[in-house]
Amino acid sequence: MTGHSEERPLAGITVVSIEQAVAAPFATRQLADLGARVIKVERPGGGDFARRYDTTVHGESSYFVWLNRSKESVTLDLKSDAGRGILDRLLAGADVFVQNLAPGAAARMGLGPEDLAERFRTLIPCSVSGYGTSGPWADRKAYDLLIQCQTGLVALTGNEQGAARVGVSIADIAAGMYAYSGILTALFTRATTGVVRAVDVSLFEALAEWLSQPAYYTRFGGTQPPRIGTQHATIAPYGAYRCADGKDVLLSIQNEREWTALCERFLGQPGLVADQRFATGSARVGHRVELNAIVAERFGELTSDVVTKLLDEAGIANAGGNGIEEFLAHPVLSERGRWRDVRIPGEAMVPALLPPVDLAGTVPRMDPVPAAGEHTESVLAELGYGSTDIERLRADNVI
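Worth saying up front: this structure is predicted, and the values here are computed from it rather than measured.

## Considering the overall build of the protein
Inference 1: Scanning the protein from N- to C-terminus turns up 17 helices and eleven strands.
Inference 2: Each principal axis of the C-alpha distribution contributes one length, and for the protein these read about 85 × 45 × 40 Å.
Inference 3: Considering the protein as a whole, with its 399 residues, one finds that 46% of them fall into the buried category.
Inference 4: A fraction of 66% describes how many contacts in the protein between residues 6 or more apart in sequence connect residues 24 or more apart.
Inference 5: With the model as given, the accessible surface of the protein reaches about 19,900 Å², and the carbon-plus-sulfur share is 53%.
Inference 6: Each charge class in the protein was averaged separately, 38 positive and 48 negative side chains, and the resulting centres sit 2 Å apart.

The structure is reproduced here in structure tokens:
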């Protein structure tokens, strides 16, 4: 396969995935980044429904382009005996099997971990579900926003006017990250002990882990953190303030040294350091309204460039309130060379970010995003199917 390199850590590892949407494709794309061969099994006649989420990237879905580079796409009708036979032959040569099918679908198809363990002794199965493969909600469908609601995340985001969903698919991303790390752990375990461990990840429990700090705060503090926009529920001052030129700058005060520097070098009010209303982190949170008024007044006297310069000189972390256009042009990404061109269906080239983890001596794969079924014939040929066999399978709508 194009881009395959023995120098990549997962070269020689084959992953077969019946995947859709975000969580499972994010996990397998990261495996592909490290050199694994990922064979994505899709439905004939359309493939992964994420291909049709939007058409903004030269006619392709922004979600699909992000999540599916460096993979091979095979279309199979898994409701047919012939399609299941092909899948079994793929699994016989695979190291990892990933699926995020609808609740109960994998078990009904004989693709649950127990069934797979009997037929494919060395195969590592990974299931990505909404609420777990057991328990009272195992059969319940789940999507990212629903998980954000069920974990209470939307109760923390937004402001006093109302709740808001996080603007990216954070539950899917969390589950995909845990599936990825779980698969890497299972591969390491198999390599060092010979023991095969199944991997089971749910969107709900992945995001629940990320909600642990507000959960502790609520359980032991007696009330959940308030929704306060860019402010922080347990740190002050922290958040965005409007400058004289109408632009926002965000700052974060994390410790007493920074608080002292803010008072003395930015606010010009050294007496605030000893003010009992603001003497500790908890006191500053308790008197947030008064403190925000003092900070906001100073910001309002200065342009954003001057605010940034003074905060930098005082050693206080700060940032402008970028939109996505500013993010795309960010100097950290451009000057560190983080963009690479990737081919998408239709032969267009689009910029994609390198994986955020740099491994010394390793060049990540940045191979094309496949069209639905693009590799069906080549993969079937590897499995021993001749041209006549492939034509018959296509005529029978198996592929």
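## Examining the packing of helix α7 (residues 170-193) against helix α8 (residues 203-210)
Inference 1: It is at 8 Å that the axes of α7 and α8 come closest, and there the two elements cross at 95°. As the angle between them shows, α7 and α8 are arranged roughly perpendicular. For the pair α7 and α8, the contacting residues are I170, A171, D172, A174, A175 and Y178 in the first and L203, A206, L207, E209 and W210 in the second.

## Notes on the packing of helix α10 (residues 256-267) against helix α12 (residues 288-300)
Inference 1: Close contact between α10 and α12 brings their axes to 11 Å; oriented N to C, the two are set at 40°. By the angle class used here, α10 and α12 are oblique. Judged by the sense of rotation from one axis to the other, the crossing of α10 with α12 is left-handed. For the pair α10 and α12, contact is made by W259, F266 and L267 and by L291, I294, V295, R298 and F299, respectively.
Inference 2: Its residues placed into classes, the contact of α10 with α12 shows seven nonpolar, no polar and one charged.

## Notes on the pattern of salt bridges
Inference 1: Per the stated rule, a full pass over the model turns up 22 salt bridges.
Inference 2: Where R37 meets E382, a salt bridge forms, and the shortest distance between an N and an O atom there is 2.6 Å. With a gap of 345 residues between them, R37 in strand β2 (residues 37-42) and E382 in helix α16 (residues 376-382) connect regions that are remote in the sequence.
Inference 3: Where R336 meets D358, a salt bridge forms, and the shortest distance between an N and an O atom there is 3.8 Å. In this pair, R336 sits in the loop between α15 (331-335) and β10 (339-343) while D358 sits in the loop between β11 (349-353) and α16, placing the two residues 22 residues apart along the sequence.
Inference 4: Because the salt bridges share partners, they merge into one network encompassing E19, K40, D48 and K71.

## Some remarks on the environment of V98
Inference 1: Residue placement: V98 occurs in strand β4 (residues 96-99).
Inference 2: In this structure, the C-alpha to C-alpha distance between V98 and I18, residues 80 residues apart in sequence, is 6.3 Å.
Inference 3: Not counting residues within four places of it along the chain, the set of residues in contact with V98 comprises V15, V16, S17, I18, A24, T28, C126 and I183.

## Structural notes on the sheet that holds strand β8 (residues 248-252)
Inference 1: The three strands are arranged β7-β8-β9 in an open sheet whose pairing can be described as antiparallel. The outermost strands of the open sheet, each flanked by one partner alone, are β7 (238-242) and β9 (318-320). Here the average twist between neighbouring strands, direction ignored, is 25°.
Inference 2: With three bridges connecting them, β8 and β9 associate as antiparallel partners. Counterpart to V249 in the pairing with β9 is G320.

## A closer look at the nonpolar core
Inference 1: If you look at the biggest cluster of nonpolar residues, it comprises 36 residues, and the most contacted ones within it are V15 and V128.
Inference 2: Those elements giving two or more residues to this core turn out to be α1 (23-33), β4, β5 (124-129), α7, β6 (199-202) and α8.
Inference 3: In contact with V15, other than residues within four places in its own chain, are T28, L31, A36, R37, V38, I39, V96 and V98.
Inference 4: Core analysis: the next-biggest nonpolar cluster, separate from the first, contains 27 residues, I39, I86, L87 and A106 among them.

## Some details on α8
Inference 1: Listed as buried for α8 are L203, A206 and L207. In an axial view of α8, the angular spread of the buried residues amounts to 90°, which keeps them on one side of the axis.
Inference 2: Structurally, α8 contributes buried residues whose contacts are with α1, β5, α6 (144-150), α7 and β6.

## Points about the pairing of β10
Inference 1: In the sheet, β10 pairs with β11 via five bridges, with the strands oriented antiparallel. Within the sheet, the bridge partner assigned to V342 lies in β11 and is V350.
Inference 2: Here β10 folds back onto β11 in antiparallel fashion, the turn holding five residues, of which G346 has a positive phi close to 95°.

## Description of the confidence of the model for the protein
Inference 1: On average, the protein scores 94 in pLDDT, and the residues at 70 or more come to 98%.
Inference 2: With pLDDT under 50 throughout, residues 1-5 is counted as low confidence; its partners more than four residues away or in other chains account for 14 contacts.

What counts and what doesn't
- Residues numbered from 1 in each chain as written.
- Predicted model: local features only at pLDDT ≥ 70, side-chain atom pairs only at ≥ 80, totals over all residues.
- Heavy atoms only, no water.
- Helix = DSSP H or I, 4+ residues; strand = E, 2+ residues; numbered from the N terminus.
- Buried < 20%, exposed > 50% of the residue type's maximum accessible area, 1.4 Å probe, protein only.
- Contact = heavy atoms within 4.5 Å.
- Areas by Shrake-Rupley, 256 points an atom, 1.4 Å probe, with all protein chains shown as cover.
- Lys, Arg positive; Asp, Glu negative; His and termini not counted.
- Charge placed at Lys NZ, Arg CZ, Asp CG, Glu CD.
- Axes fitted to C-alpha atoms, helices over the stretch in contact; angles between N-to-C directions.
- Parallel < 35°, antiparallel > 145°, perpendicular 65-115°, else oblique.
- Left-handed = near helix turned anticlockwise from the far one by under 90°.
- Nonpolar A, V, L, I, M, F, W, Y, C, P; charged D, E, K, R; others polar.
- Salt bridge = Lys/Arg side-chain N within 4 Å of Asp/Glu carboxyl O.
- Pairing = 2+ DSSP bridges.
- Core = buried A, V, L, I, M, F, W, Y, C linked by side-chain atoms within 4.5 Å.
- Arc of directions from axis to C-beta.
- pLDDT = per-residue confidence, 0-100.

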